[in-house]
Amino acid sequence: MPRAHSSSVDDGDAVKKEANALVSSSTALPAPRCKRFSLGLAIAGLAFLSYLLGTAVMFFHLPSSDFFRQAFQGARAWNERQQLPPIPTESAPPPTMSIDKPDSTFDGFTLYACASLDVSSTQAFLVNMRGEVVHHWAIPFSKVWPSPPHLRGPISDGFVCFFDVHLYPNGDLLAVFHGQENRVNGYGLVKLDKDSEVIWKHPRHIHHDVDVGEDGTIYAIAQKTVATMPAGLEDVPTPSLVDELVLLSGDGKELRKPIPILEAFRDSPYAPLLAALGTQSKHDLSADVDPRHVLDNVSDNLHEPLHMNCVRVLPRRLASKFPNFQVGQVLISLRNLHTIALLDPQKEAVVWAAQGPWRAQHDAQFLENGHLLIFDNLGSAHGSRVLEYDPQTNAFPWWCPRGTRFGFLTKQRGMCQRLPNGNTLIVSSEQGTIWEVTPHQETVWTLLTNRFINSARRYRPEQLTFLARDIHARP
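Residues numbered from 1 in each chain as written. Predicted model: local features only at pLDDT ≥ 70, side-chain atom pairs only at ≥ 80, totals over all residues. Heavy atoms only, no water.

Asker: Looking at this structure, I do not really get the nonpolar core. What am I missing?
Answerer: Side chains of a nonpolar character, in soluble globular proteins, are inclined to be buried together. Of all hydrophobic cores here, the largest spans 43 residues; its most connected members are Leu111, Leu126, Phe162, Leu167, Phe177 and Ile434. Among the elements that make up this core, the one with the highest residue count is strand β1 (residues 109-115) (5 residues). Excluding its chain neighbours within four sequence positions, the residues that come into contact with Leu111 are Ala124, Phe125, Leu126, Trp137, Val165, Leu167, Leu173, Ser455, Ala456, Arg457 and Tyr459. In terms of nonpolar packing, the next biggest core, distinct from the first, is built from 28 residues, Val236, Phe265, Ala341 and Val350 among them. (Core = buried A, V, L, I, M, F, W, Y, C linked by side-chain atoms within 4.5 Å. Buried < 20%, exposed > 50% of the residue type's maximum accessible area, 1.4 Å probe, protein only. Helix = DSSP H or I, 4+ residues; strand = E, 2+ residues; numbered from the N terminus. Contact = heavy atoms within 4.5 Å.)

Below, the structure written as structure tokens:
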């Protein structure tokens, strides 16, 4: 303390001496101050010149334009974060139910994850048929990655959510992180135990969806930005956000080099489907997207040719149902191309693809009867719908809702699942609603979360061995 006080007195004397010197000089600034003034002008001039050069580089798309663009976007994102209120991290309020017909439902446990502005979104909830939470997982992004090596700058926990989750029988949880503070949405993949402790983490731009094969191999989707396209894809606009298929071992290690999806199409008989990409416009979403919303959007001024949003590996137990497909081939959904396709990881090529009445579709999956189930976001004038599609006949044996009545609409996300008793679980993400319908389209169960639902799946009771014996799907 005495030393600090002495320093303060010395500083005061120095100020007085400088003030007296200024008073005594009526014609010019003292030499030291003149030098400081000149130095300030030089720095300001250099900064202004750098700004002009940076603007010119971006405008004329010179080699360093991508670096400057990222810097400007980072500064804008930082400024937006300073203006937004912090997001609380308390648990989400329980969901509510409006319909439950026990005689007609497939009883199990429903796992879901939501995006929200008023509570932490890095949480997943497991509920019984009464909507009661029987288990939940929660972890701040900053606890997983205090300084994420694959992302720019500090990341606010309130801008990150669980976008997809996969539950193991022992209670371990795979969670895909999405965020809204970098050029890409994919913030990585983490495996948690039943107590929400980190088992391992994978610092790549994993996004949207994850699947686990019969042998434990993890199939995930990764994003990266590119400034130029490889040979044969020159018509695809750049800069672009492109997708890759990533294969991981059960302990989170990469098993092989990621497979680029655009090249997999280029090297296949389905390459003509890419012709439409040359006419795509940039996805400038800044005008109508609140930066606080954690949705599957991309940064402005960045093309996204495919927007891969789903990955499902064909298991051995279903191989006989799909005579034209092979075990280990991967079903993918490409929203911006309105296409579902089958990727052979060994050949690194697309071996089957289809376009149909669906538009901006999600959550394509194999069914026990040899058909595919697809969530069709925008293919109908009457709202979103779920389509059952026969890949051999191109017919649609079942769809919901039938007729011209308006059922539900979600432009973003959306999910579907065929349950063992033939019922179908439908998720309308933007409406925050999960419901179960019979083959005759009778609604027999609903769950209202009042939040954007990123992911939801129903698990059979016998699949979840970590739950205590006194926890029942229908208490």
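Asker: Looking at this model, I keep getting lost on the side chain of Asp390. Mind explaining?
Answerer: Within the secondary structure, Asp390 is located in the loop between β18 (383-389) and β19 (398-400). Buried charged residue Asp390 carries no salt bridge. Nearest counter-charge: Arg418, at 12 Å. Side-chain polar atoms of Asp390 contact the side chain of His371, separated by 3.4 Å. For Asp390, the side chain forms a polar contact with the main-chain nitrogen of Gln392, separated by 2.9 Å. Once residues within four sequence positions are removed from consideration, Asp390 is found in contact with His371, Ala395 and Pro397. (Lys, Arg positive; Asp, Glu negative; His and termini not counted. Salt bridge = Lys/Arg side-chain N within 4 Å of Asp/Glu carboxyl O. Polar contact = N/O pair within 3.5 Å; in protein donor to acceptor, adjacent residues only side chain to side chain.)

Asker: How should the pairing of strand β16 (residues 362-366) be read in this particular structure?
Answerer: Put simply, side chains in a regular strand alternate between the two faces of the sheet. For β16, the buried fraction is high: 5 of the 5 residues fall into the buried class. When β16 meets strand β17 (residues 372-380), the two strands line up antiparallel, connected through 3 bridges. Counterpart to His362 in the pairing with β17 is Phe375. Between the antiparallel neighbours β16 and β17 lie 5 residues, among them Gly370 with a positive phi of about 85°. (Pairing = 2+ DSSP bridges.)

The values reported here are purely geometric and, on their own, carry no functional implication.
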